[in-house]
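# Close look at the chain arrangement
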Amino acid sequence: MKSEVDKLLGRHKALVHSDRKKVVSHTQRNAGDWIVNTVMLQDYTVPFRFKRKTPYRNLTGAYVNLTYYAHTESVGGIEMEVMNVVRIRTS
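The residue numbers shown here count from 1 along each chain, following its written sequence. Totals for whole chains, interfaces and linings use every residue, but because this is a predicted model, local features are given only for residues with pLDDT of at least 70 and side-chain atom pairs only at 80 or more, for both listing and counting. Side-chain numbers come from the whole structure's heavy atoms, not from hydrogens or water.

### What about the pairing of strand β3 (residues 48-52)?
- Note: two strands are recorded as paired if DSSP finds a minimum of 2 bridges between them. Only DSSP runs of H or I with at least four residues qualify as helices, and only runs of E with at least two residues qualify as strands; both kinds are numbered from the N terminus onward. As defined by bridge partners, strand β2 (residues 34-41) adjoins β3 across five bridges and the pair is classed as antiparallel. Its bridge partner lying in β3, Asn-37 is registered against Phe-50.
- What sits between the antiparallel neighbours β2 and β3 is a turn of six residues, in which Asp-43 has the positive phi angle 70°.
- For β3 and strand β5 (residues 78-90), the ladder comprises two bridges, and the chain directions are parallel. Counterpart to Arg-49 in the pairing with β5 is Asn-84.

### Considering the packing of aromatic side chains
- Each aromatic pair joins two rings of Phe, Tyr and Trp (for Trp, the six-membered one) with centres within 6.5 Å, and gets the label stacked for planes under 30 degrees apart, edge-to-face for over 60, and tilted for any other angle. Summed over the entire model, instances satisfying the criterion amount to three aromatic pairs.
- Residues Phe-50 and Tyr-56 carry aromatic rings whose centres are separated by 5.7 Å and whose planes lie at 85° to one another, so their mutual orientation is edge-to-face.
- Think of it in three bands: residues with accessible area under 20% of the maximum for their type are buried, residues over 50% are exposed, and the middle band is partly exposed, with areas taken using a 1.4 Å probe on protein chains only. Since its relative accessible area comes to 13%, Tyr-56 is described here as buried.
- Cluster of aromatic residues (ring-pair linked, three or more members): Tyr-44, Phe-48 and Tyr-68.
- When the ring centre of Tyr-63 is taken as reference, the NZ or CZ atom of Arg-20 above it lies at 4.1 Å.
- Here the guanidinium or amino end of Lys-53 rests over the ring plane of Trp-34, the centre of that ring lying 4.4 Å away. Charge over a ring is defined by NZ of Lys or CZ of Arg lying within 6 Å of the ring centre and within 35 degrees of the ring normal.

### Some thoughts on the confidence of the model for the protein
- A residue's pLDDT is the predictor's confidence in that residue, given on a scale from 0 to 100. Here the protein averages 91 in pLDDT, while 98% of its residues score no lower than 70.
- Per-element mean pLDDT across the protein ranges from 76 in helix α1 (residues 4-11) up to 97 in β2.

### Here we look at the sheet that holds β2
- Reading around the circumference, β1-β2-β3-β5-β4 is the order of the five strands in this closed barrel, with mixed pairing throughout. Within the sheet, the average angular offset between the axes of one strand and its neighbour, ignoring direction, is 40°.
- Packed onto the sheet, α1 meets β1 (16-31), β4 (63-75) and β5 and runs at close to 145° relative to β5. In this analysis, axes come from line fits to C-alpha atoms, helices being fitted only over the stretch in contact, and the angle between any two N-to-C directions falls in the range 0 to 180 degrees. Any pair of residues with heavy atoms lying within 4.5 Å of one another is described as a contacting pair.

Quick look at the structure:
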């Protein structure tokens, strides 16, 4: 039987799944009606972002499983790669 992650990866070819990654930094900020969470992972130099309507528990030091896709955005005229998280779970 296929798991939820396998189904997502099968439908969306641009998605990537990573298991058991350590969170070294987790910040949250308000953006209108949403709370934007930014997570930095050990051995990665790009931020992983996801939005929620309510605050999320602090993930610093936790191990997580992530499903995400790469996205490029312009910050002050500089192109920057950001990973948009579709699914995050503690492992």
